[in-house]
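Structural overview for review
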Amino acid sequence: MAYTFQVTVDSAAPHALADWWAEALGWEVESSDEEFIREMIAVGRATEEDTTTHRGVLVWKAGQGIRHPEGLERAPRILFQFIEEPKTVKNRVHLDVRTGQDDPRALVERLLAKGARHLHEGSQGPFAWTTLLDPEGNELCVSH
């Protein structure tokens, strides 16, 4: 049997980081169902402390997902999950953002302007990439 998966990223500010990654990838932030959240609070399945407001919208404090605009059939969901502990070591898993025919340098410059930090350039044989850190210090590579 084949399984599906989502990529989960621990984050101190999951909604802001989801916004950053959605813009970086050209993906969509999943919408919040405020009515459902209020219903869960009303019936005692959640509390006000389980929620927060992001950009004027009631959301779950626990995290925020983003999706490829063509849906889950095109690419797995990425979930940014709230955790209090800060990042302390190098990621063992990271995202490789492939630009296809677009210029990877243009994406690197755009991400740097949006708060990414340059870590290093790398290459192996005919492959070259730029390693960046997102606003919370998670590694990502940009290549063709």
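Residues numbered from 1 in each chain as written. Predicted model: local features only at pLDDT ≥ 70, side-chain atom pairs only at ≥ 80, totals over all residues. Heavy atoms only, no water.

One turn of an α-helix holds 3.6 residues; hence residues three or four places apart share an orientation. Here helix α1 (residues 14-25) is 12 residues long and its end C-alpha atoms lie 16 Å apart, about the 16 Å a rise of 1.5 Å per residue gives. Buried residues dominate α1, accounting for nine of its 12 residues. For α1, the set of buried residues is Pro14, His15, Leu17, Ala18, Asp19, Trp20, Trp21, Ala22 and Ala24. Directly beyond the C-terminal end of α1, a positive phi value near 75° is found at glycine 26. (Helix = DSSP H or I, 4+ residues; strand = E, 2+ residues; numbered from the N terminus. Expected span 1.5 Å × (residues − 1). Buried < 20%, exposed > 50% of the residue type's maximum accessible area, 1.4 Å probe, protein only.)

Taken together, the four bridges between strand β3 (residues 51-54) and strand β4 (residues 57-60) define a ladder with antiparallel strand orientation. Considered in β4, the bridge of threonine 52 is made with valine 59. The hairpin turn running from β3 into β4, its antiparallel successor, is two residues long, and arginine 55 in that turn takes a positive phi close to 55°. (Pairing = 2+ DSSP bridges.)

With that settled, the discussion passes to the side chain of threonine 131. Locating threonine 131 in the fold gives a position in strand β9 (residues 127-133). Since its relative accessible area comes to 5%, threonine 131 is described here as buried. Not counting chain neighbours up to four residues away, the residues in contact with threonine 131 comprise Arg117, His118, Leu119, His120, Leu140 and Cys141. (Contact = heavy atoms within 4.5 Å.)

Reading across the sheet, the four strands line up as β1-β6-β5-β2 and stay open at both edges, with mixed pairing between neighbours. Only two strands of the sheet have a single partner each, and these edge strands are β1 (7-11) and β2 (28-29). Looking at chain direction, β1 and strand β6 (residues 78-82) are connected through five bridges and run parallel. Paired with valine 7 across the bridge in β6 is isoleucine 78. Along the sheet, α1 contacts β1, β2, β5 (63-67) and β6; its crossing angle with β5, the most-contacted strand, is approximately 10°. (Axes fitted to C-alpha atoms, helices over the stretch in contact; angles between N-to-C directions.)

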